[in-house]
Amino acid sequence: MLQFEDMSNELILCVWDQLVAADVLYSFSNLNTRFDSLLVEFHGLYKQMDLRYCSLSACRFFCQQMANTNEWRLGLTILKLGNCYRCSQTDMFVEEMIKFLGTNHFVKTEKSYNNNPKDIFDVLMASNKYIEPIFPQLACLVVFQTIPISETFLNCLLFAAAGGSSLRRFIWSSCYNQTHHSRALFNWLFRCSASLVSYKLRAPPCEDGFELQYEYTLINNYTPHCSLISLTINILNLTTLYVLLHYLPQLEHLDVYISSMFSSNNVTDQKLTPKLNYPNNLRVFILRHFVIDGRDCSALQQLVEKFSNTLEEFSLYLTHYCKGEVDICFNGYHLTTLCNKLSRLRSLHFTIQIPFLEHPDSEILAHFIAAFRTPFWLDGPMGYIRVCVNYHRLMRFVQIYSLPYTFYDDTVFHTIDLIDVLFNDNEYGKQTQKDLPVTLETLWYGVRWLYISFNKNQKIPISFLYALQCSRSQGRMLVISQERGILPNNIEDHVQLTHFNILQLKNSLDINNIYDLTQLIGWLRLLPNIKCLYVNSNELQYWFTNDRKNKYLNTFLQHLDRLYIDCSPIINMNLNEEIMIPLLSFVINKNHFPKLQYLRFVLCKHNSSSWCNINKWIDFIFIHINEHQLECLRFDFIEKEQELMDIKNTDEIITMVKSSCIVDIQRFVSEDYVSFWIQRK
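Remember, it's a predicted structure, so these values are computed and weren't measured experimentally.

Parameters at a glance
Residues numbered from 1 in each chain as written. Predicted model: local features only at pLDDT ≥ 70, side-chain atom pairs only at ≥ 80, totals over all residues. Heavy atoms only, no water. Helix = DSSP H or I, 4+ residues; strand = E, 2+ residues; numbered from the N terminus. Buried < 20%, exposed > 50% of the residue type's maximum accessible area, 1.4 Å probe, protein only. Contact = heavy atoms within 4.5 Å. Areas by Shrake-Rupley, 256 points an atom, 1.4 Å probe, with all protein chains shown as cover. Expected span 1.5 Å × (residues − 1). Axes fitted to C-alpha atoms, helices over the stretch in contact; angles between N-to-C directions. Parallel < 35°, antiparallel > 145°, perpendicular 65-115°, else oblique. Nonpolar A, V, L, I, M, F, W, Y, C, P; charged D, E, K, R; others polar. pLDDT = per-residue confidence, 0-100. Core = buried A, V, L, I, M, F, W, Y, C linked by side-chain atoms within 4.5 Å. Salt bridge = Lys/Arg side-chain N within 4 Å of Asp/Glu carboxyl O. Phe/Tyr/Trp six-rings, centres within 6.5 Å; stacked < 30°, edge-to-face > 60°. Pairing = 2+ DSSP bridges. Left-handed = near helix turned anticlockwise from the far one by under 90°.

Q: How do you make sense of the overall build of the protein when you look at a structure like this?
A: The number of helices and strands found in the protein is 25 helices and 25 strands. Buried positions account for 55% of the 681 residues belonging to the protein. Across the protein, contacts joining residues at least 24 apart in sequence account for 78% of those joining residues at least 6 apart. Element-wise, carbon and sulfur atoms account for 49% of the exposed surface of the protein, whose accessible area totals about 30400 Å².

Q: What am I meant to see in helix α4 (residues 56–68) here?
A: One turn of the α-helix equals 3.6 residues, which is why residues spaced by three or four share an orientation. Helix length check: α4, at 13 residues, gives a terminal C-alpha distance of 19 Å against a target of 18 Å (1.5 Å per residue), a fit within 8%. Taken residue by residue, α4 has L56, S57, A58, C59, F61, F62, C63, M66 and A67 as its buried positions.

Q: For this particular structure, what's the right way to read the packing of helix α8 (residues 151–161) against helix α9 (residues 182–191)?
A: Taken N-terminus to C-terminus, the directions of α8 and α9 make an angle of 10°; their axes are 10 Å apart at the nearest point. By the angle between their axes, α8 is roughly parallel relative to α9. The segment α8 lies against α9, with L154, N155, L158 and F159 engaging A184, L185 and W188. Residue composition of the contact of α8 with α9, by class: six nonpolar, one polar and no charged.

Q: How should I be thinking about α9 in this particular structure?
A: Here α9 lies mainly inside the structure; eight of its 10 residues are buried. Among the residues making up α9, those that are buried are S182, A184, L185, F186, N187, W188, L189 and F190.

Q: Is there a simple way to explain the confidence of the model for the protein in this structure?
A: A low pLDDT score tells you not to read the predicted coordinates there in detail. Of all residues in the protein, 75% attain a pLDDT of 70 or more, and the chain-wide mean is 80. Every residue in residues 644–648 scores below 50 in pLDDT, and together they form 12 contacts with partners more than four places removed in sequence or on other chains.

Q: Just checking my understanding: could you explain the nonpolar core for this structure?
A: Residues F93 and F285 are the most contacted members of the largest nonpolar core, which totals 123 residues. Residue contacts for F285: discarding those within four places in its chain leaves L254, V256, L303, V304, F307, L311, E313, F314 and S315. Membership of the second largest hydrophobic core comes to 64 residues, among which are I491, I521, L599 and F622.

Q: Which parts of the structure should I look at to understand the pattern of salt bridges?
A: Here the idea is simple: oppositely charged side chains can pair when their charged atoms come close. Tallied over the entire structure, the rule returns 10 salt bridges. The partner of R288 in a salt bridge is D255, with the nearest N and O atoms 2.6 Å apart. A residue pair is termed long-range when its members are at least 10 positions apart, and R288 in strand β9 (residues 284–293) and D255 in strand β7 (residues 253–258) qualify at 33 residues. Each member of the pair, R288 as well as D255, carries the same accessibility label: buried. Close ionic contact of E305 with K341 constitutes a salt bridge, the shortest N to O distance being 3.0 Å. Here E305, found in helix α13 (residues 298–305), pairs with K341, found in the loop between α14 (332–340) and β11 (347–355); they are 36 residues apart in sequence, far enough to count as distant. A residue is classified by how much of its surface remains accessible, and E305, at 28% relative accessible area, is partly exposed. In this structure, a network of salt bridges that share partners links the residues E252, R283, E312 and R344.

Q: Hey, could you run me through the side chain of T319 in this one?
A: Secondary-structure assignment places T319 in strand β10 (residues 313–321). If we ignore the near neighbours within four places in the chain, the residues touching T319 are F290, V291, I292, Q353 and P355.

Q: It is not clear to me how the packing of aromatic side chains should be interpreted in this structure. Could you clarify?
A: By convention here, two paired aromatic rings are described through the distance between centres and the angle between planes. Scanning the entire structure with this criterion turns up 25 aromatic pairs. Between F262 and F290, the ring centres sit 6.2 Å apart and the planes meet at 35°, which makes this aromatic pair tilted. Of this pair, F262 sits in strand β8 (residues 262–263) while F290 sits in strand β9, placing them 28 residues apart in sequence. Just as F262 is buried, F290 falls in that class too.

Q: I would appreciate a short explanation of the environment of C54 in the present structure.
A: Relative to the helices and strands, C54 is located in the loop between β1 (48–50) and α4. Residue classification places C54 among the buried positions, given a relative accessible area of 0%. For the pair C54 and N83, spaced 29 residues apart in sequence, the C-alpha to C-alpha distance is 9.9 Å.

Q: What's the story with the pairing of strand β13 (residues 397–403) in this structure? I'm lost.
A: For a regular strand, side chains alternate in direction, first toward one face of the sheet and then toward the other. Most of β13 sits out of view: seven of its seven residues are buried. Every second residue of β13 is oriented toward a common face, with F397, Q399, Y401 and L403 on one face and V398, I400 and S402 on the other, all of them buried. Relative to β13, β11 is paired through five bridges, and the arrangement is antiparallel. Bridge pairing in β13 links I354 to V398. Looking at chain direction, strand β12 (residues 386–392) and β13 are connected through seven bridges and run antiparallel. The partner of Y391 across the bridge, within β13, is V398.

Q: When you look at unusual backbone geometry in this model, what are you seeing that I'm missing?
A: Residues other than glycine predominantly adopt negative phi, and peptide bonds predominantly adopt the trans conformation. For the bond running from L403 to P404, omega is 5°, close enough to zero to count as cis. Locating P404 in the fold gives a position in the loop between β13 and β14 (412–414). Positive phi values are uncommon outside glycine, yet N177 reaches one of about 60°. Position of N177 among the secondary structure elements: in the loop between β4 (169–173) and α9. Residue class for N177 comes out exposed when judged on its relative accessible area of 56%. Although it is not a glycine, N221 adopts a positive phi angle of roughly 55°.

Q: Help me understand the packing of helix α11 (residues 238–246) against α13 in this model?
A: How two helices pack is summed up by the angle between their axes together with the distance between the axes. Closest axis-to-axis distance for the α11/α13 pair is 13 Å, and the angle between their directions is 15°. One way to sum up the angle between α11 and α13 is to call them roughly parallel. For the element pair α11 and α13, the recorded crossing hand is left-handed. Contacts from L238, L241, Y242 and L245 in α11 reach A299, Q302 and L303 in α13. Per-class residue counts for the contact of α11 with α13 are six nonpolar, one polar and no charged.

Structure below.
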């Protein structure tokens, strides 16, 4: 029998290479001194902890070890936390940090304590005493926030975990409703991150961004940050951007998403901006989202022109509400004028959306594309820049964008008008069926989400399906409206849309109307690589009630590893009882979903998902634990559940013993969702 002592170092390292780094440490830690020395000597894994994808037991082990083992705590340089498919690692980690701080504080003062560690930490923060960094060598902190975080926990992460002078990179992706923490996040940036080089603070799209007021910075004695050169951030308004620029004199790279609409009648910014400074060496400016309402676009021009002598790369995503007045909207001529003032500009990407209530005639669209058929765009200082223009009849706006499309945070909306899109290198805008995949390849290269919509019983041209092909692009999401259109016969023999792996079937299905599964099956046969499906509970109910034996549908479902079920149609208790258990019986079945690992019920309503019913659903899933391979199960509520609000956020491990395995289940209960992280042994 092979003993540990007989294994060569090379064989051991080969084993390590096959595992997630954190799971390697967990598997081999404390076996004997030889393994401990190998971990440190060969990989230095103690110094770089990525807990995002490790097992539940490993995550708990490391959260304790990092605080309580000096070798780990003093040597840690990189820490990454959070995963949207897992329960909250952040809370688990911070709880151990707060325990350490409480114990350490009283050891230094030679006192004993019986108070709650959180209360002790709050007292330390309120007293404005210096909190010694727990990880003095930490150079990079990455946090993916899956649930709302308390002020105490946020302060612990910022001022205790990330408060050292070695920190160079900070990345924080927040969940919804977290911008009330703006002041804490900016206080940390300007007071405790003197050596920081890169700061990324992101909020979900369509969420209000973070805000910083100039008066607040004066009251709190902000001073310029002299080391930060890269900023990526979601902010509330243009004023916040100007305030940040004032305090970041060394900034070279700026990527900003401005959530609120800017009114051209706004006078506040016009009074404030002359008082403020701005960076003198900004080279890259990505204005990822900016909306202007009104005739005047001078605010955009004034902002960009501040960097006319330094800007080398510029990206702009602009929506201009101008009431359809073609003469005043921000178009290609305005963009050309602006770019001509940027003497060092070498790279440009843009998207411009202009709402029109009525379909603009062909002359207006021709006017938009003509602006990009000038020498500046076809053979100017930046070389050839390809631009396309089209009008979306349902969304009612003109879209103008350069290719390749680079604004992956925003959806590109298209109907079958896609085949009539105008290009600046094609005088007539029409494309042959054979040319379309090549013509549109640069569009698909930068697009992550594509939303297509059809009118009822609309026939879909073959040319449109050819246009959707892209052989070199992968990992895209396709969103299809409730009306699926009528596909050409046997089209799957000629076209395969292999670059889509996520499918969202949009809008609610009215089961009282005639439902034609054949329209959907036609699409499924064109999408062989779909691994993730977002579907309405009504439509899923129709499938398992009427079409269980459809071979094309079954083949499609058997390939899925992630399933999102929209429960918004379940509006009362009767529907709850009628739908949920049959639905679960269909989903929790190895024959139907043999690869399913992630199951999430979204938009659950209070009157249909009370705690007692959620318990029934959960019990059903765990009673049939051998009938599925789920690793994560989650229920999201639209309203805050009273039953859950009465239970404070809890995070616990439940162990089940089955004939085939031992199952560890981490249950997290929040006021608006319940999640389970399942690990089979």
